[in-house]
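Coordinate inspection notes
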Amino acid sequence: NKYTHNFKDDFTTHNDCSLCRKNVTGSETLSCSTCKHWVHKNCIGNFNNRTEYQNFLKYYSSREWDCPACTAESLPFINLDNNEFYMLLLEMYSAPTYLNKENFQQIYTKLKDVDFFNSDEKTLKENEKYMNGIDPDQNFQNYDSCNYVIDTNLIVSKSSKELNMITFNIRSMRKNFENFTFLLSKLKSKVHVICLTETWLGTLDNIKDFELDEYHPPLYQNRTGTMHGGGVITYVHKDINSQKMVKRLSFVDEFNHCLATEIKINNKTTTFLNIYRSPNSCNEGFIDKFESVLENAKSKNCYILGDSNYNLINLDKHEETRNYYNLLTSSSFKPLITKPTRITDSSRTLIDHIWTNDLRMTSLHQSH
């Protein structure tokens, strides 16, 4: 039988190779975790011998693996060498338009034939000094479109292809569910995904009492153990036909929640993590569990919503908050909410977050 992943049965796989599109037959192949297509051995890559290929198959038989086509889509510069990548950066700096990687490779090949890249030692040292002096943090383009909105009539979708989402700390579904549905009715824009935290529901509550019109039956987690509080719930609009809970990206304990939901909209699969972390001083396990989830989620198109109780305003004063922030940014996630979410006469905090690794449409993200 073909080598496969432990969770392959959760998905439909396709027998046509994701690279050459020819039918994949025989054994000893892998299926892509992202596009769910089988891939020929020769299309996977070059191997020195059969043993090396067998070890490769064995290693990925129980792990996620992306085919070269999906890897190139998520990491578009992976096949460029240093000089090609440098040319690409120069063009992006002068004209940030759609770029064709193959054109750059052709241009680079022609320039290389005429020794365009050969330089004397002095020039090489000057270039190295210049490149070492560039601070990537200062040159990273971060489009911040986070704003406060008092009049909900001003929140209007600009395109039918937009994906709208809400994260809301409801602090008791029994007490505030009616008020939340009233707020939802005031929005002119359709909300595709709703993530509520601190639902405070228990085993005696009937989840059907909290269903929303025009939404699928909700996915939810209640706090384990005997402690009161916690809980998360996720609603997906019925305009989205495909939705399911992803167990391998979810966890729940007496302090923490991470509820993963996968949807498909506009022919694109997106994963949502609805998270809640209790500020209880005994809670020490969130970061380790969340890091494990991120390791599997970072290769997917993903949004993280919820109340982590990490105040991003205090990054320089709180080590655990800094570790949380560094964990997400090192996994290519960026925060969409950049302004305080809770303000009193004496304090301001930013503990309700939306993060995404979908940086291709960064300039179009809006958060309110």
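Residues numbered from 1 in each chain as written. Predicted model: local features only at pLDDT ≥ 70, side-chain atom pairs only at ≥ 80, totals over all residues. Heavy atoms only, no water.

**Digging into helix α2 (residues 50-60)**
- Three or more residues of α2 are buried, namely Tyr-53, Gln-54, Phe-56 and Leu-57. Buried residues of α2, viewed axially, fall in a sector of 155°; they line one side. Counted as exposed and oriented over 90 degrees from the buried face of α2: Thr-51 and Lys-58.
- Looking at the buried residues of α2, the elements they touch are β1 (30-31) and α1 (41-44). (Buried < 20%, exposed > 50% of the residue type's maximum accessible area, 1.4 Å probe, protein only. Helix = DSSP H or I, 4+ residues; strand = E, 2+ residues; numbered from the N terminus. Arc of directions from axis to C-beta. Contact = heavy atoms within 4.5 Å.)

**Describing helix α9 (residues 286-297)**
- Here α9 contains 12 residues, and its C-alpha end-to-end distance of 16 Å stays within 8% of the 16 Å for a straight helix at 1.5 Å per residue.
- When we look at burial in α9, the residues that qualify are Phe-286, Ile-287, Phe-290, Val-293, Leu-294 and Ala-297. An end-on view of α9 places all buried positions within 125° of arc, on one side of the element. For α9, the exposed residues set more than 90 degrees away from the buried face come down to Asp-288 and Glu-295. (Expected span 1.5 Å × (residues − 1).)

**Describing the nonpolar core**
- Counting residues in each nonpolar core, the largest one holds 37 residues, and the members touching the most others are Leu-273, Ile-275, Phe-286, Phe-290, Ile-304, Tyr-324 and Leu-328.
- Elements supplying a minimum of two residues to this core: β4 (193-197), β9 (256-265), β10 (268-277), α9, β11 (302-307), α10 (319-330) and β15 (352-356).
- Here the element with the most residues in this core is α9; it accounts for 6 residues.
- The next biggest cluster of nonpolar side chains, apart from the first, holds 17 residues, and it includes Ile-170, Leu-187, Ile-194 and Leu-212. (Core = buried A, V, L, I, M, F, W, Y, C linked by side-chain atoms within 4.5 Å.)

**Concerning the side chain of Asn-301**
- Tracing the backbone shows Asn-301 in the loop between α9 and β11.
- A relative accessible area of 13% places Asn-301 in the buried class.
- Separated by 3.0 Å, the side chains of Asn-301 and Thr-270 make a polar contact. (Polar contact = N/O pair within 3.5 Å; in protein donor to acceptor, adjacent residues only side chain to side chain.)

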